[in-house]
Amino acid sequence: MSRPFWQDTAGAVLSVDLGAIRDNWRQLRERAGSARCAAVLKADAYGLGAARVAPVLADAGCRDFFVAHLDEALALKPVLPVGATLIVLHGPTPGAEAEFVAHGVLPVLNSAAQIAAWRALAHRLDRELPAFVQVDTGMARLGLSAEELRALASDAQALAGIRVAGVMSHLACAEDQAHPANRAQLERFLAARRLLPAAPASLANSSGIFLGEDYHFDLVRPGAALYGVAPVAGADNPMRPVVRLQGKVIQTREIEPGTPVGYGHSWHSSGQRTRIATVAVGYADGWLRSLSNRGCAWTGGVALPLVGKVSMDTITLDASALPDGALQPGSLVDLIGERQGVDAVATQAGTIGYEILTSLGARYARRYVGEMAK
Ligand SMILES: *Cc1c(COP(=O)(O)O)cnc(C)c1O
């Protein structure tokens, strides 16, 4: 049984295994063969704490770090070694170009307009400015459209003053290895490269690495798999689990048969007396409300079904399978851990592991473990 072995006042303890993240990066680097292996640290390293994750990966040899926003890059700069490259996926918002140059951060240029603004700044500063250029190969989200690419290719001055540090695109369906869009995007990417200056190429996210060598090019960009999310749908997860979430019991009670539990009385105890344990984790902590009456917590190999609606600050568990007194206020139960990983929780919630991770609450007591073991 879990015992209250931490004195924290927090309602839950979130443990992040930095050693597992490092091992996952090494595994992905191996799988990527001769390609460089970057790390995607956007959204605070998928909710796990970019300032803690980045130095560990830098120490392991990672030199290329992708984030979504300039602010995220600036926050990471002080914790990364000189020589690390910070790349901002969204590129500059209009007017922010000079900030990128001032801080030595590389933008991903996603449109003809972003390219024009970058080119204009290079002209103004009278120096060559490095940037990634993204082409859209089948996601219709970010990157040059086929039309923009053609126009760019026919204008000798389009990239004047821009040093193309990388040509990239992003896969829409890579976790589904049989999806025909993967090959279609690969072919469009190969064609796009021929229209652009020779530069290192990057296509694969985590799942893309598992599509094989054809998808690796010069640089791979894993995010989710670093943090333990399964990269291939329907296959065993080869990544080490990174996150453990232990919720704290704050009250237990016995209820009579047929007693309603929680908001909306969406659950009633059955014909027997039932033991309810209330845990101090709710939807405000990222235990999504779609987990109402779904899934369970674990303690000592025993599943405790979640009953009733998820509240803002609490969930209620049916703890009848445990002996009387096994759970006390302060006891910890596993919400994410050995028995159910991030992906299992995501399936119960009707979402993906990415959303479970990035929803993880700000109120948790966070513990970083495994940093020392190399
Ligand atoms: C988020 C993102 C990645 C990382 O994707 P994962 O699926 O988490 O590995 C790579 N490239 C781009 C452009 C992204 O937006």
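As shown above, the structure is provided for reference.
A brief report on the enclosed structure follows. Because the structure is a prediction, the values reported are computed rather than measured. Sequence order as written defines residue numbering, which begins from 1 separately in each chain. Totals for whole chains, interfaces and linings use every residue, but because this is a predicted model, local features are given only for residues with pLDDT of at least 70 and side-chain atom pairs only at 80 or more, for both listing and counting. The side-chain figures draw on all heavy atoms in the structure; neither hydrogens nor water molecules are used.

**Some details on unusual backbone geometry**
One non-glycine residue, Asp44, adopts positive backbone phi at about 55 degrees. The topology assignment puts Asp44 in helix H2 (residues 42-46). Here the phi dihedral of Asp126 falls at roughly 55 degrees; this positive angle occurs in a residue that is not glycine. By definition, any uninterrupted DSSP run of H or I lasting at least four residues is a helix, any uninterrupted run of E lasting at least two residues is a strand, and each is numbered from the N terminus. Relative to the elements of secondary structure, Asp126 occurs in the loop between helix H6 (112-125) and strand E7 (129-134).

**Concerning the pairing of strand E14 (residues 274-279)**
Only protein chains enter the accessibility calculation, which uses a 1.4 Å probe. A residue is then buried if its area is under 20% of the maximum for its type, exposed if over 50%, and partly exposed in between. With respect to burial, E14 is a largely interior element, six of its six residues being buried. Burial of E14 is two-sided: the residues Thr274, Ile276 and Thr278 facing one way and the residues Arg275, Ala277 and Val279 facing the other way are all buried. Strands pair, by our definition, only if DSSP identifies at least two bridges between them. Where strand E11 (residues 243-255) meets E14, six bridges bridge the pair, whose relative direction is antiparallel. Note that in E14 the partner of Glu254 across the bridge is Arg275. Note: E14 against strand E17 (residues 315-318), four bridges, orientation antiparallel. In the sheet register, Ile276 faces E17, and the bridge partner there is Asp318.

**A closer look at the environment of Leu196**
Inspection of the secondary structure puts Leu196 in the loop between helix H8 (180-194) and strand E9 (201-202). The exposure class assigned to Leu196 is buried, which follows from its relative accessible area of 9%. Measuring from C-alpha to C-alpha, the distance between Leu196 and Leu149 comes to 8.4 Å, with 47 residues separating the pair along the chain. Throughout, a contact is declared for two residues whenever any of their heavy atoms are within 4.5 Å. The residues contacting Leu196, other than those within four sequence positions of it, are Val135, Leu149, Leu152, Leu159 and Val167.

**Description of H8**
Multiplying one less than the number of residues by 1.5 Å gives the expected span of a helix. With 15 residues, H8 ought to run about 21 Å at 1.5 Å a step, and its terminal C-alpha atoms sit 22 Å apart, in line with that. Taken together, the buried positions of H8 are occupied by Ala181, Asn182, Gln185, Leu186, Phe189 and Ala192. Viewed along the axis of H8, the buried residues span an arc of 140 degrees, placing them on a single side of the element. More than 90 degrees from the buried face of H8, the exposed residues found are Pro180 and Arg194. In this description, the arc belongs to the directions extending from the helix axis to the C-beta atoms.

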